[in-house]
Amino acid sequence: MRVLTAVVCLMLSTSAVAAERYRDEVVERTLPNGFKMILLEDHKSPVAVAQVWYRVGSRNEIPGVTGLSHMLEHMMFKGTEKHPEGTYSEIISQNGGEENAFTTDDATMYYARLASDRIAIAIELEADRMRNLVLTDDQFEPERKVVAEERRLRIEDNPIAFLYETLRAQTFLEHPYRQPTIGWANDIAGWKLGDLKAHYDLYYQPNNAFLVAVGDFDAGKLGDLVAEQFGHHPRGPEAPPVRAREQPMRGRVRVSVERPAELAFVSLSYHVPNLHHPDSAALDLLEAVLSGGKSSRLYRRLVHEDRIALDVDASYERTAIDDKLLTISAQPQLGVPIEKLEQAILAEIDEIRKKPPEADDLARAKARIESAFVFSQDSVFYRGLLLGTYELTGDWRAIDDYLPAVRAVQPEDVRRVAETYLAPEKQATGVLIPKPGAAPGEPRPPVPIPPVPIPPVPMSPGGPPGGVR
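Here the structure is a predicted model, which is why all the values come from computation and not from measurement.

Sorry if this is basic, but what is going on with the overall build of the protein chain here?
When helices and strands are tallied, the protein chain shows 18 helices and 11 strands. Nonlocal contacts in the protein chain, meaning residues at least 24 apart in sequence, comprise 83% of its contacts between residues at least 6 apart.

How should I be thinking about the side chain of T389 in this particular structure?
Note that T389 resides in helix α16 (residues 380-392). Only 2.7 Å separates the side chain of T389 from the backbone oxygen of L385, close enough to count as a polar contact. Not counting residues within four places of it along the chain, the set of residues in contact with T389 comprises W53 and T319.

What exactly am I supposed to notice about the sheet that holds strand β4 (residues 98-103) here?
In a beta sheet, neighbouring strands are held together by backbone hydrogen bonds and run either parallel or antiparallel to one another. Pairing is mixed in the open sheet, where six strands are placed in the order β1-β2-β6-β3-β5-β4. Every other strand in the sheet has two partners, leaving β1 (26-30) and β4 as the edge strands with one partner each. Shown here is a sheet whose adjacent strand axes are inclined to one another by a mean of 15 degrees, direction ignored. Helix-sheet contacts for helix α4 (residues 68-75) involve β4 and β5 (108-115), and the interaxial angle to β4 is about 165 degrees.

Looking at this structure, how should I read the sheet that holds strand β7 (residues 253-259)?
As summarised here, the arrangement of the five strands in space is β7-β11-β8-β10-β9, forming an open sheet in which the pairing is mixed. The open sheet is flanked by β7 and β9 (309-316), the only strands paired with a single partner. Averaged over all pairs of adjacent strands, the angle between their axes in this sheet comes to 15 degrees, without regard to strand direction. Relative to strand β10 (residues 324-332), β9 runs antiparallel, the two being bridged by seven bridges. Pairing of S315 across the sheet is with T327, part of β10.

Teacher, can you tell me more about the nonpolar core here?
Nonpolar side chains in soluble globular proteins generally cluster together in the buried interior. Core analysis: the largest hydrophobic core is formed by 70 residues, its most contacted members being W53, L286, L302, L341, I345 and L387. With near-sequence residues (within four places) excluded, L387 lies in contact with Y22, V26, I38, L40, V212, V214, W396 and I399. Counting residues in each nonpolar core, the second largest holds 58 residues, with L31, V56, L72 and F230 among its members.

It is not clear to me how the packing of helix α14 (residues 338-354) against helix α18 (residues 411-421) should be interpreted in this structure. Could you clarify?
When two helices pack together, their arrangement is given by the angle between their axes and by how far apart the axes lie. For the pair α14 and α18, the least separation of the axes is 7 Å and the interaxial angle reads 125 degrees. Classified by the angle their axes make, α14 and α18 are oblique. Handedness of the crossing formed by α14 with α18: left-handed. Contacts between α14 and α18 involve I352, R353 and K354 on the former and, on the latter, V414, R415, A418 and E419. Along the lines of polarity and charge, the residues of the contact of α14 with α18 split into three nonpolar, no polar and four charged.

I'm lost on the packing of helix α6 (residues 119-131) against helix α11 (residues 219-230) in this one. Help?
The contact between α6 and α11 brings their axes to 9 Å, and the two run at 25 degrees. With respect to α11, the element α6 is oriented roughly parallel. Classified by chirality, the crossing of α11 by α6 is right-handed. Where α6 abuts α11, its residues I119, A120, I123, E124, E126, A127 and M130 lie against L222, L225, V226, Q229 and F230. Partitioned by chemical class, the residues of the contact of α6 with α11 number nine nonpolar, one polar and two charged.

Is there a simple way to explain the environment of A264 in this structure?
Within the secondary structure, A264 is located in the loop between β7 and β8 (265-272). Note: C-alpha distance between A264 and L432 (168 residues apart in sequence) is 5.2 Å. The residues touching A264, leaving out its near neighbours within four places in the chain, are Q331, P332, I338, L432 and P434.

Which parts of the structure should I look at to understand the packing of aromatic side chains?
Any two aromatic rings considered together are summarised by their centre-to-centre distance and by the angle between their planes. Tallied over the full model, the rule gives 14 aromatic pairs. Where W53 meets F210, the ring centres are 5.9 Å apart and the plane angle is 5 degrees; that geometry is what we call stacked. Taken as a pair, W53 in strand β3 (residues 47-54) and F210 in strand β6 (residues 209-215) lie far apart in primary sequence, 157 residues in all. We note that W53, like F210, is buried. For the pair Y200 and Y204, a centre-to-centre distance of 5.6 Å together with 45 degrees between the ring planes defines the contact as tilted. The exposure class of Y204 is buried, given its relative accessible area of 1%. One aromatic cluster is present, formed by Y54, F77, Y88, Y110, Y200 and Y204 through successive ring pairs. A cation sits over an aromatic face here: R259 above F162, 3.8 Å from the ring centre.

The rules behind the values
- Residues numbered from 1 in each chain as written.
- Predicted model: local features only at pLDDT ≥ 70, side-chain atom pairs only at ≥ 80, totals over all residues.
- Heavy atoms only, no water.
- Helix = DSSP H or I, 4+ residues; strand = E, 2+ residues; numbered from the N terminus.
- Contact = heavy atoms within 4.5 Å.
- Polar contact = N/O pair within 3.5 Å; in protein donor to acceptor, adjacent residues only side chain to side chain.
- Pairing = 2+ DSSP bridges.
- Axes fitted to C-alpha atoms, helices over the stretch in contact; angles between N-to-C directions.
- Core = buried A, V, L, I, M, F, W, Y, C linked by side-chain atoms within 4.5 Å.
- Buried < 20%, exposed > 50% of the residue type's maximum accessible area, 1.4 Å probe, protein only.
- Parallel < 35°, antiparallel > 145°, perpendicular 65-115°, else oblique.
- Left-handed = near helix turned anticlockwise from the far one by under 90°.
- Nonpolar A, V, L, I, M, F, W, Y, C, P; charged D, E, K, R; others polar.
- Phe/Tyr/Trp six-rings, centres within 6.5 Å; stacked < 30°, edge-to-face > 60°.
- Lys NZ or Arg CZ within 6 Å of the ring centre and 35° of its normal.

In structure tokens form, the structure reads like this:
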């Protein structure tokens, strides 16, 4: 078994070499107005993706008007004078492409994927709506109701999502990461068109955005096109920095919510550093060892052997601008007390804090991370997502440092970070207590929300985007 694992790791390490060297492949260019472009030629297929990233998400919002970044994402599809409402999506569709957008804590991103000879269409459309969006009350009020209904469906009526939101608000006391991307319900009800216009004028400026393009194009020619389309926008005001920093946990935090649900749910969160910290790679391996597939420790113990959990998962929010969380969540089998499941999770955490993982377990975790990283390179969308995420959180060049750091992690490193960050006094626990048969609130006629496919996300590095339109 050990020989097989070693061979797999060697094969993945060899195949990953080309994917690592982004420094050798990417063309970076910054225009006089501050707009940056990150261009990567990928000639495996005749397609290309263009992504425009704005450095604004719920992290940049203030209490009372939370959710404006997500609302603006919706409104960006309402049109400009040159391209009225509905035109953007129609043009992309008529040219055989697909488009969407998402908002996270740290950013808002818009993308279109087309045949590479038509990527100029997406560039022109994005450049137009960067500064020429038409915002009116006739469009704003109906869309605000749509977002309010979206919140009700995805948060209020989703017991696990409601628990996560409640737990995060108690885990972050000072940092705006405590705020939901979609916004608090009372804030949504109180939004004004003037709030949205001010948000747009402050954050949707060329010096607060960058473009990532990956695909079958000539980077020099595409760069000239981007400069022509985006270069005429004047530099805007500088966005105010987010100075908030979360203090260390003041002690254990525990919250419980009662919601209509068939089964209980438990989630344990711990503050951890992001990708800029030397412990980041070891934390990535800790997540993978605990919950990286059916051979991981938590799944093997709780689902397969003890059969007390339906599912268990760990998530390390590594690629974030500021430090975030490592979260372990699980749902019990029918009839299993939630306290029993929670104690079993804590026992596994306690064990890895005391004893390093076996070499084979760590080798499998590394192989899983490397394979996910390598296979994601087959998609121009995910190569763009990788570049954009790393640029957002510091510098896209740091991608090249990821796999070497993962390969260098030793079993003792995993134990050490578990002991350091998963200490009992640093734990925030959320428990969902089911209320079978209870109504989630007064019935209300639903506001139709057009179904939008949510793109899958590579397992590593980084976590999934949220707040998809």
